[in-house]
Amino acid sequence: GGGRGGAAAGPAARSDPESRSVGTTIDDATITAQDKAALVADKLTKARNINVDTMRSTVTLEGSVASQAEADRAVQIAESTQGVKSVRSKLTVVR
């Protein structure tokens, strides 16, 4: 018996190159702009002293923040920005 077992790929299979729309590929400058805007809009971060740099869809956050919670929030915002693959935090907590 040569039955094929395993789970069938449902409609959630994301690796299909045909389904990639024109707007899917987002450049680094767009990621930086969106991330910076989100940081400024956020009540906790307000992006006062946070520098955002994006290289090949990896966001680097640098600067000083008032608390670890603010640093964590900045990373969370960066990770949720469309097109971001990874986030590196170089944020320093200054009291």
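Since the model is a prediction, treat every value here as computed from it, not as a measurement.

### Quick notes on the overall build of the chain
Helix and strand content of the chain: two helices and three strands. For the chain, the N- to C-terminal ordering of α and β elements is α-β-β-α-β. Looking at the chain residue by residue over its 95 residues, the buried ones come to 26%. At a minimum sequence separation of 6, the contacts of the chain that also span at least 24 residues come to 60%. Roughly 6,800 Å² of accessible area belongs to the chain as shown, and the carbon and sulfur atoms make up 50% of that amount.

### What about the confidence of the model for the chain?
Confidence in the prediction for the chain averages 82 pLDDT; 73% of positions are at 70 or higher. Within the chain, no element has a lower average pLDDT than helix α1 (residues 28-41), which sits at 94, and none a higher one than strand β3 (residues 86-93), at 97. In this model residues 9-24 is a low-confidence stretch, pLDDT under 50, and it forms one contact with partners more than four residues away in sequence or in other chains.

### Notes on the pattern of salt bridges
Evaluation of the coordinates by the stated rule reveals one salt bridge. Residues Arg73 and Asp42 are paired through a salt bridge, measuring 2.9 Å at the closest nitrogen-oxygen approach. With Arg73 in helix α2 (residues 68-80) and Asp42 in the loop between α1 and β1 (50-55), this pair connects stretches of sequence that are 31 residues apart. Judged by its relative accessible area of 29%, Arg73 falls in the partly exposed class.

### Regarding the nonpolar core
Of all hydrophobic cores here, the largest spans 16 residues; its most connected members are Leu39, Ile50, Val59, Leu61, Val87 and Leu91. For this core, the elements supplying multiple residues, two or more each, are α1, β1, β2 (58-65), α2 and β3. For this core, the leading source of residues is α2, giving five residues. What Leu91 contacts, discounting residues up to four positions off in sequence, is Ile50, Leu61, Glu62, Gly63, Val65, Ala71 and Ala74.

### As for the packing of α1 against α2
One can describe the packing of α1 onto α2 by two numbers: an axis separation of 9 Å at closest approach and a directional angle of 140°. Taken together, the axes of α1 and α2 are oblique relative to one another. Pair α1 / α2 crosses with right-handed handedness. Of the residues in α2, those touching α1 at Asp35, Ala38 and Leu39 are Ala74, Ile77 and Ala78. Partitioning the contact of α1 with α2 into residue classes produces five nonpolar, no polar and one charged.

Calculation rules
Residues numbered from 1 in each chain as written. Predicted model: local features only at pLDDT ≥ 70, side-chain atom pairs only at ≥ 80, totals over all residues. Heavy atoms only, no water. Helix = DSSP H or I, 4+ residues; strand = E, 2+ residues; numbered from the N terminus. Buried < 20%, exposed > 50% of the residue type's maximum accessible area, 1.4 Å probe, protein only. Contact = heavy atoms within 4.5 Å. Areas by Shrake-Rupley, 256 points an atom, 1.4 Å probe, with all protein chains shown as cover. pLDDT = per-residue confidence, 0-100. Salt bridge = Lys/Arg side-chain N within 4 Å of Asp/Glu carboxyl O. Core = buried A, V, L, I, M, F, W, Y, C linked by side-chain atoms within 4.5 Å. Axes fitted to C-alpha atoms, helices over the stretch in contact; angles between N-to-C directions. Parallel < 35°, antiparallel > 145°, perpendicular 65-115°, else oblique. Left-handed = near helix turned anticlockwise from the far one by under 90°. Nonpolar A, V, L, I, M, F, W, Y, C, P; charged D, E, K, R; others polar.

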